[in-house]
Each structure stands twice: as structure tokens, then as C-alpha cells.
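Here is how the chains run, residue by residue.
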There are 2 protein chains.
Amino acid sequence: MDITEFFQLSDGKWFSQQTSHHLASQQTEIGKSNLRIEMLSKGDPVVVQLCQEYQVDPALALCGNRITWDGTVERSEKKLKGSTVLVAIADPQTPNQGKLLLKRNQAVKPSAAGRYIIGTDEALTLITEFETTRVEERLWFASLNLRLRTSTLKQSDGFSTTSFCSEIRMGGAQAAAKSTATTAQPR
Amino acid sequence: MDITEFFQLSDGKWFSQQTSHHLASQQTEIGKSNLRIEMLSKGDPVVVQLCQEYQVDPALALCGNRITWDGTVERSEKKLKGSTVLVAIADPQTPNQGKLLLKRNQAVKPSAAGRYIIGTDEALTLITEFETTRVEERLWFASLNLRLRTSTLKQSDGFSTTSFCSEIRMGGAQAAAKSTATTAQPR
């Protein structure tokens, strides 16, 4: 598995069950979202533009994912709605890792490019530093149609929030191509 | 990190926030528990007895953990209360993995010994097969005082439930020994 394969496998429509554990208050927040993940090729204008924003040579871009979500938080008026673009930048010295460029359509902006790492277990780790927060995400496919994701938020005084998403494929190229995927063996 | 270090680090008192995602019904179940995890040495009578139950030579036992939990499920009368013992059995060919013996004090019994694997990222994977269910757990330390755990339950017709626990150390030998642990760097 390389980052291009991982992003390609992610392409499709997903239903996501989301849980956040707020560690200090011991409160749990539950959400549900519909996700649309689109594979972006290295030549896609969105990829090229994001490279330019980060002052990275677009020739080093490997691929990207555009992620759009629309959901709700239980017992709350809060809407989960937004989109982002992730772009993976090759690191010639270490083929299983590289820079990660992140675009948000809100005012949230990472302080610098993050990093991605594909582990020996085929899980993808994404590390992004914001002004006062370090976010570390781990994504992996339990099967072709079940993607799991954990994340930790760390402030200067320690971890504040952990979260977990179970994402079930509802459609897309992969689901159509491999109809036996729901019974695929776990890793 | 080897299995003995992992079990030793787990020794202590923990507060656990737990979430289960039931994939077919899209329901989420939230629980909270107090955990007590005790390190068991390879010579401990409990370890020796569990080896005998599985007909495994006790000389191959590396160590064990006794885990006792007491908690509640939100909006439910259901009590989370029980205990179990895990024993790791050395595999001379592969030092980072081996057999996992699991004892429960209820009538639930695994169909055979499971397996443990310590990954290159220092996460511990536990795989146990029950009659109709395969449970795969992944445990890792985000810091010395924050242990995270995901699990997937797979039936013959596919994945049924995923779950996530955030476990915060409330006391024990490690917490006393290393008072700076709350600000320990993540992996």
C-alpha cells in the first residue's frame, strides 16, 4: 500500500459514525456524517493551487483527496458541514512518508505542512500542527468497505480530546468494482 | 517495546471512556468504567493455572495482566462489571508475537488461544476467535498516562461492531514514578 493506493481506496461515498472523548470533562460527543471523498490526480488544478499556496513544487505532488462532509451532532444544533483537500508530497528519501498539505474552506489554517506516514501495517498516519494544537490521525481499512479513523488532539499542556470514526462505504467506484468486499478478511 | 514492557506499563488504575458503534443499526453506545490492571509475573499461580487450562507449558509464559472493570452504560441499566486475565506465551521463532491466553469469569470462552503482535509502532494487537466472532483489538500508549484501544467484531457475514476506549491513568506505580508523564510526547 502506498499513499496513492490509500487515497484511491478512499474514493467514494461513506457514512461515518463519529465519537469524541473530551478527556478533562469526561464528556462524549456523538456525530453522524455523510462523506464524499474524491481522488484528485497530481495534475488536478486544485492540487496545483494548494502546492502553490504552500510554495511547494507541484511536480512533487503525488495525489490528493477532496473530502466533503455533511452531518449532525447528537443533542446539539451544531452542524458538521465542510470540506477539505489533502495533498501528498513525495519525499524522495523515504518512499513511505512525505509532506501533507491541508486546505480548509474555513479560517482554520495549519501553521505549516504536515506529514503522512504509511506504516508497515498499511495504516496511514497524518500529523498536522496548528497554532497551539498537534493533531495526529490514524486511518486504516478494516476491509475495503470499512475505514476506521482515530485522532488525538494535543495542546501544550497535554492531550485534550480523542476521537474515533467508523466509516462504511455507501457507494463509489470501489464498491461497484468489488461486490464481495463486505466479507473481505480483516488485515 | 516488548509484551512484558507493554503489560508493565498498563499496570495501574485507569478511568476509561468507551464507545461502541453498531454498524448495521448505526447506534452508538457510550460507557464509562474504572479499570484496575495488575501485572502478573510468569510464576504467578493465576498464570500457571491458565496455562494448564489451555494445555500450554507454563515455562513458555512471559507475563500476564489481570484486568478488573466496574462501570456503567449511558441511558441503560446495564452494568459493566467483570474481570479477565491475559497471559502472553512466547513464540521462539518470532519475538514480537505469540499466543494469547484469555480467561473470563463469565461463561464466555474463546474457542482457542488467541494471538498477540507488537507492531513496529509499539502498538499491541490482540486477536481472539470466539465461536462465531473474531475480535481484533489494538492498544497503544499515546503517552505514559493515556492508553487508547480500538476493537472490531467480525461475524461470518462481516463486521458488526467497532469500539474505542480512551483510558486515563488515575494512579499506580508508573504514575508515581514519572510525574511528568502527562506532558510526555506522543509516539
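Residues numbered from 1 in each chain as written. Chains lettered and ligands numbered in written order. Predicted model: local features only at pLDDT ≥ 70, side-chain atom pairs only at ≥ 80, totals over all residues. Heavy atoms only, no water.

*Asks:* Is there a simple way to explain the relation of the copies chain A and chain B in this structure?
*Replies:* Put simply, the second copy of the chain is the first one after a rotation about an axis and a shift along it. If you rotate chain A by 180° and push it 0.0 Å along the axis, it lands on chain B with an RMSD of 0.0 Å. The symmetry that links the two subunits is that of a two-fold axis. Relative to the rotation axis, the C-alpha of F164(A) is the closest in chain A, positioned 3.3 Å from it. Both copies contact each other with a shared surface, as 100% of the interface residues of chain A are interface residues in chain B too. (Least-squares fit on C-alpha atoms with pLDDT ≥ 70 in both. Contact = heavy atoms within 4.5 Å.)

*Asks:* Would you mind going over the pattern of salt bridges with me for this structure?
*Replies:* When the charged atoms of two side chains lie near each other, side chains of opposite charge can form a pair. All names here are of chain B. Throughout the structure, instances matching the rule amount to 26 salt bridges over all chains. We note a salt bridge from E38 to R66, for which the minimum N-O separation is 3.2 Å. Here E38, found in strand β2 (residues 27-40), pairs with R66, found in strand β3 (residues 61-73); they are 28 residues apart in sequence, far enough to count as distant. Accessibility expressed as a relative area gives 24% for E38, which makes it partly exposed. When its relative accessible area of 25% is taken as the criterion, R66 is described as partly exposed. (Salt bridge = Lys/Arg side-chain N within 4 Å of Asp/Glu carboxyl O. Helix = DSSP H or I, 4+ residues; strand = E, 2+ residues; numbered from the N terminus. Buried < 20%, exposed > 50% of the residue type's maximum accessible area, 1.4 Å probe, protein only.)

*Asks:* Just checking my understanding: could you explain the side chain of T19(A) for this structure?
*Replies:* Relative to the helices and strands, T19(A) resides in strand β1 (residues 12-22). The buried category is assigned to T19(A), whose relative accessible area is 0%. A distance of 2.7 Å separates a polar atom in the side chain of T19(A) from a polar atom in the side chain of H21(B). (Polar contact = N/O pair within 3.5 Å; in protein donor to acceptor, adjacent residues only side chain to side chain.)

*Asks:* Help me out: how do you make sense of the interface of chain A and chain B in this one?
*Replies:* If you look at the interface, chain A gives 42 residues, while chain B gives 42 residues. For the pairing of chain A and chain B, the buried interface totals around 3200 Å² over both sides, and the portion due to carbon and sulfur atoms is 57%. Among the residues of chain A in contact with chain B, Q17(A), H21(A) and Q26(A) are the three that bury the most area, contributing 17% of the side total. Where chain A touches chain B, the interface holds 2 salt bridges. Among the salt bridges present, the one from E74(A) reaches R75(B), with a minimum N-O distance of 3.3 Å. Elements with a contribution of two residues or more to the side of chain A that touches chain B: β1, β2 (27-40), β8 (134-143), β9 (146-155) and β10 (158-171) of chain A. The element that contributes the greatest number of residues to the side of chain A that touches chain B is β10(A), accounting for 8 residues. In terms of residue class, the side of chain A that touches chain B is made up of 13 nonpolar, 19 polar and 10 charged. (Buried area = accessible area lost by both parts, 1.4 Å probe. Nonpolar A, V, L, I, M, F, W, Y, C, P; charged D, E, K, R; others polar.)

*Asks:* How should I be thinking about the environment of V56(A) in this particular structure?
*Replies:* All names here are of chain A. Looking at where V56 falls in the secondary structure, it is placed in the loop between α2 (45-53) and β3 (61-73). With relative accessibility at 12%, the residue V56 sits in the buried group. Taking C-alpha positions, V56 is 19 Å from I117, a pair spaced 61 residues apart along the chain. Excluding anything up to four places from it in sequence, V56 contacts C51, I89 and L101.

*Asks:* Could you clarify how one ought to interpret the packing of aromatic side chains in this entry?
*Replies:* For the coordinates displayed, the defined rule picks out 5 aromatic pairs over all chains. With a centroid separation of 5.2 Å and an interplanar angle of 25°, the aromatic rings of F164(A) and F164(B) are classed as stacked. Remark: F164(B) occurs in strand β10 (residues 158-171) and F164(A) occurs in strand β10; the pair is interchain, linking two chains. The two residues F164(A) and F164(B) agree in class, both being buried. Ring-pair connections join several aromatic residues into one group, and the members of that group are F6(A), W14(A) and F141(A). R138(B) extends its terminal NZ or CZ atom over the ring of W140(B), reaching a point 4.5 Å from the ring centre. (Phe/Tyr/Trp six-rings, centres within 6.5 Å; stacked < 30°, edge-to-face > 60°. Lys NZ or Arg CZ within 6 Å of the ring centre and 35° of its normal.)

*Asks:* Can you help me understand helix α1 (residues 3-10) of chain A in this one?
*Replies:* Because each turn of an α-helix spans 3.6 residues, side chains separated by three or four positions end up pointing in the same direction. All names here are of chain A. For α1, every residue scored as buried is listed here: I3, F6, F7, L9 and S10. Along α1, the residues classed as buried sweep out an arc of 160° about the axis, all on the same side. G12 sits one or two positions beyond α1 and adopts a positive phi of about 145°. (Arc of directions from axis to C-beta.)

*Asks:* Is there a simple way to explain the confidence of the model for chain A in this structure?
*Replies:* Interpretation of the predicted coordinates at a detailed level should be avoided for regions scoring low in pLDDT. Residues and elements named next belong to chain A. When pLDDT is averaged along chain A, the result is 89, and 88% of the positions lie at 70 or above. Note that pLDDT drops below 50 for residues 179-187; the model gives that stretch 24 contacts with residues more than four away or on any other chain. Interface predicted TM-score (ipTM) for the complex: 0.88; the corresponding pTM is 0.89. (pLDDT = per-residue confidence, 0-100.)

*Asks:* Where do I start with the environment of C51(B) in this structure?
*Replies:* Residues and elements named next belong to chain B. Along the polypeptide, C51 turns up in helix α2 (residues 45-53). The class for C51 is buried, based on a relative accessible area of 0%. Measuring from C-alpha to C-alpha, the distance between C51 and S20 comes to 31 Å, with 31 residues separating the pair along the chain. Those residues in contact with C51 that sit more than four places away from it in its chain are V56, P58, A61, V87, I89 and L101.

*Asks:* When you look at the pairing of strand β7 (residues 124-129) of chain A in this model, what are you seeing that I'm missing?
*Replies:* Two faces make up the sheet, and in a regular strand the side chains alternate between them. Burial analysis of β7(A) places 5 of its 6 residues in the buried class, the great majority of the element. Linkage of strand β6 (residues 114-118) of chain A to β7(A), two consecutive antiparallel strands, is achieved through a turn of 5 residues, within which E122(A) is found at a positive phi near 70°. (Pairing = 2+ DSSP bridges.)

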